[in-house]
Amino acid sequence: MKSPLPKALRVLIPAVLIVAWLVGASIGGPYFGKVSEVSTNDQTSYLPESADATQVQGLLDDFLGSDSIPAVVVFASDDELSDETLADLEATVADLPEIEGVTDELSPLIPSEDGLAAQAFVPISTDADTGDVLDEIKVALNATAPAGVTAYVTGPAGFTADLAAGFAGIDGILLAVALGAVLIILIIVYRSLLLPVAVLATSLSALTVALLTVWWLAKAEILLFSGQTQGILFILVIGAATDYALLYVARYREQLRITESRGQATMSALRGSIEPILASGGTVIAGLLCLMLSDLKSNSSLGPVASIGILFAMAAALTLLPAILYAFGRAAFWPRRPKFDPAAVEAEHGMPSKGVWAWLARIIKRRPRVIWLATTALLLLGAVGALQLNAQGVAQSALVLGASDARDGQAELGEHFPGGSGSPANVVTDEGQFDETADALLAIEGVDSLSVVADDSPSGTAPVTEDGIGAIGPPGTPAPEPTAVDGKVMLQATLSDAADSDAATDTVLQMRESIEAEGLNALVGGTTATAIDTNEASIHDRNLIIPIVLVVILLILMVLLRSVLAPVLLVLTTVVSFGTAMGVSAIVFNHVFEFPGADPAVPLYGFVFLVALGIDYNIFLMTRVREESVKHGTREGILRGLGVTGGVITSAGMVLAATFAALSVIPILFLVQIAFIVAFGVLLDTFLVRALLVPALSYDIGKKIWWPSKLSR
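Here's a quick rundown of the structure. Everything numeric in this text was worked out from a predicted model, so none of it was measured.

A word on the environment of Glu536. Mapped onto the elements, Glu536 comes out in helix H17 (residues 527-561). Between the C-alpha atom of Glu536 and that of Leu204, which follows or precedes it by 332 residues, the distance is 37 Å.

All right, on to the side chain of His416 then. Position of His416 relative to the elements: it lies in helix H14 (residues 405-416). One polar contact links His416 to Glu412, side chain to side chain, over a distance of 3.2 Å. Contact partners of His416, with chain neighbours within four places excluded, come to Ser112, Glu113, Asp114, Leu116 and Ala117.

The next thing to look at is the environment of Pro48. Within the secondary structure layout, Pro48 lies in the loop between helix H1 (7-28) and helix H2 (52-64). When the C-alpha positions of Pro48 and Gly180 are compared, they lie 39 Å apart, and in sequence the two are 132 residues distant. Contact partners of Pro48, with chain neighbours within four places excluded, come to Thr54 and Asp295.

Under the criterion given, the structure shown has 15 aromatic pairs. On the numbers, 6.1 Å between centres and 85° between planes, the contact of Tyr605 with Phe609 is edge-to-face. Pair noted here: Tyr605 and Phe609 are both in helix H19 (residues 601-632), with a separation of 4 residues, about one helical turn. Given a relative accessible area of 2%, Tyr605 falls into the buried group.

Formed by 155 residues in total, the largest nonpolar core has its most connected members in Tyr244, Phe609 and Phe660. A per-element tally of this core places helix H21 (residues 669-701) first, with 20 residues. Sequence-distant contacts of Tyr244, that is, excluding residues within four places in its chain, are made with Ile277, Ser280, Gly281, Val284, Ile310, Ala313, Met314, Ala317, Asp616 and Phe620.

Note that Ala675 resides in helix H21. The exposure class of Ala675 is buried, given its relative accessible area of 1%. Each C-alpha atom, one on Ala675 and one on Thr659, is 8.7 Å from the other, the two residues being 16 residues apart in sequence. Aside from chain neighbours lying at most four places away, what touches Ala675 is Phe660, Ala661, Leu663 and Ser664.

The first and last C-alpha atoms of helix H16 (residues 502-517) sit 22 Å apart over 16 residues, in line with the 22 Å expected at 1.5 Å per residue. Among the residues of H16, Ala504, Thr507, Val508, Met511, Arg512, Ser514 and Ile515 are the ones counted as buried. The buried side chains of H16 occupy one side of the element, clustering within an arc of 165° when seen end-on. Counted as exposed and oriented over 90 degrees from the buried face of H16: Asp502, Glu513, Glu516 and Ala517.

Over its 13 residues, H2 extends 18 Å from the first C-alpha to the last, a length consistent with the 18 Å expected when each residue adds 1.5 Å. At Gly58, H2 shows its strongest bend, of approximately 30°. For H2, the complete set of buried residues consists of Ala53, Thr54, Val56, Leu60 and Phe63. Residues of H2 that are buried make contact with strand E5 (425-430), strand E6 (447-453), strand E9 (488-495), H16, strand E10 (522-525) and H17.

Reading guide: rules and limits
Residues numbered from 1 in each chain as written. Predicted model: local features only at pLDDT ≥ 70, side-chain atom pairs only at ≥ 80, totals over all residues. Heavy atoms only, no water. Helix = DSSP H or I, 4+ residues; strand = E, 2+ residues; numbered from the N terminus. Polar contact = N/O pair within 3.5 Å; in protein donor to acceptor, adjacent residues only side chain to side chain. Contact = heavy atoms within 4.5 Å. Phe/Tyr/Trp six-rings, centres within 6.5 Å; stacked < 30°, edge-to-face > 60°. Buried < 20%, exposed > 50% of the residue type's maximum accessible area, 1.4 Å probe, protein only. Core = buried A, V, L, I, M, F, W, Y, C linked by side-chain atoms within 4.5 Å. Expected span 1.5 Å × (residues − 1). Arc of directions from axis to C-beta. Bend = angle between axes of the 7 residues up to and from the residue.

What follows is the structure, given as structure tokens:
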């Protein structure tokens, strides 16, 4: 049968599609190295506007007079620092503003009480590249530090630089590992050279054009973009585009064996794959867009960014790949070119006669109830481990895996100074409530010292005690006046414990409780407060969004499968599978990797990806099962659908697991945990849920699975 399109169009349309994608990819390619220009990893920028920490952060420039992020330089020695050594260190710090990006508002060098260390606060301009500036500072310190003195750079700027360095490999090593893993799997699956290249070209083109689109939306400040979002975008697009490509390739290969015309094969393959691909991608997009309901902007921004990626993944799989395969025809599968043999195809679509899928079909046919009960029990047993997951947040110093100069510096700082040095809790209160606020803060045990921002003080702040604001200078020097901005003043509380510790969290919570109990109009911000507000927003988002995602996906499946019972059962199997993935992950995180805990957003991200992507395989399987059931009856249709889609789903699952596993090369705790959860969960879905549980359960129920549609009768 010949294609209904004229020959000129059959040649022109694929050529236009290929050229259009090549142009888009060539324009978007250079943007891989420019993501840092439009991304930010500042936690405060992702908090809701109503959060206390966000409001305080917005007032910092007004009080401190500069748009900067503080670095803390720490000098430590095993021996007491002499006056001469302290003078040399003071001179070293004084020269730091010569480095571009370091402001001239440095603090004086502050010796520790034990005499073994000294610290200085070095503001870094937010317009500069924090990592590059800190690298230059470290070089300068190491070149001039006296013998026996070790220099560290820590504080908010230090941890920000650590995060930036951790995300630095996304454009390079992450992409290389993900593409390399996918290429190896495709070569094994297809035992072909040209076809894997065509599939990877499709995935990479989708990613390039998606990145181009997202970059300009972030540039226009329509979307927020971070290193975390970038990594997930890369992996999601490569994995999803490859999965959709696998489904199309399977249909196209099948059609080449049914018809001699590659044009007709292309049209038939598109008709057979467009519904499951659009349904699959639409389900993922719907799940991701639910993240826009999040209070936390790091979650709400991921929704549209990842949805744009999925949209281009679908578009590439349904336009670019068919155009490439049409151009090459059967040669694309060389050296295993599909032969025209309609009779063999029809025979293969009957009951599988050999191979692993034939074995599974025979077992499912004989013992469907035993299989689905046993697999369900196994999954529920694994889900019990989820009770061990500690997802209440982790310290900022634990976000980056491996060596960390900022973490080492923070530990050294805590040995010689109050743990919260360099990361004070900033409290903004009404000018008329200054005394009451100061008294309330000083009464809290975890507050080591208190100061107030004062322009007429030499250091920009003045100490605050129970007796009031202390004078700085010779006896008789008048006490500085607090800086007032719109009737507000800012107090800075140095905590006794490190800013990212549980003890510091308790102290800030006590500060807020005390302020509320006294009826004061005051807000508490700073590093610790930001972490608290972030965790609270994450927990709120998790509890709100997970049920909504379930309802949205359930409704989509009902429309797609024209059934109520089948979608309910499919969603339940996916939820159980997610619980097992979280349970096994919790055990591995706690007892194998010994992670300190997990971000509250980890379960949310794991759920959205596993449920939305896991439903993909339900869609691939059950749309084909329904198609076969219409012709052959439900039970035989289940076995036929399993036989036809088993190989495709297995390959797709391995590809998606491999791409998400690639996230683990980025030494960021959150991404490593998401990598394990999703990779393990996808493999669990592929080899247990989709191969055994769903077919066996559906076979046991029989045609009632399609209730209330006509197929159920």
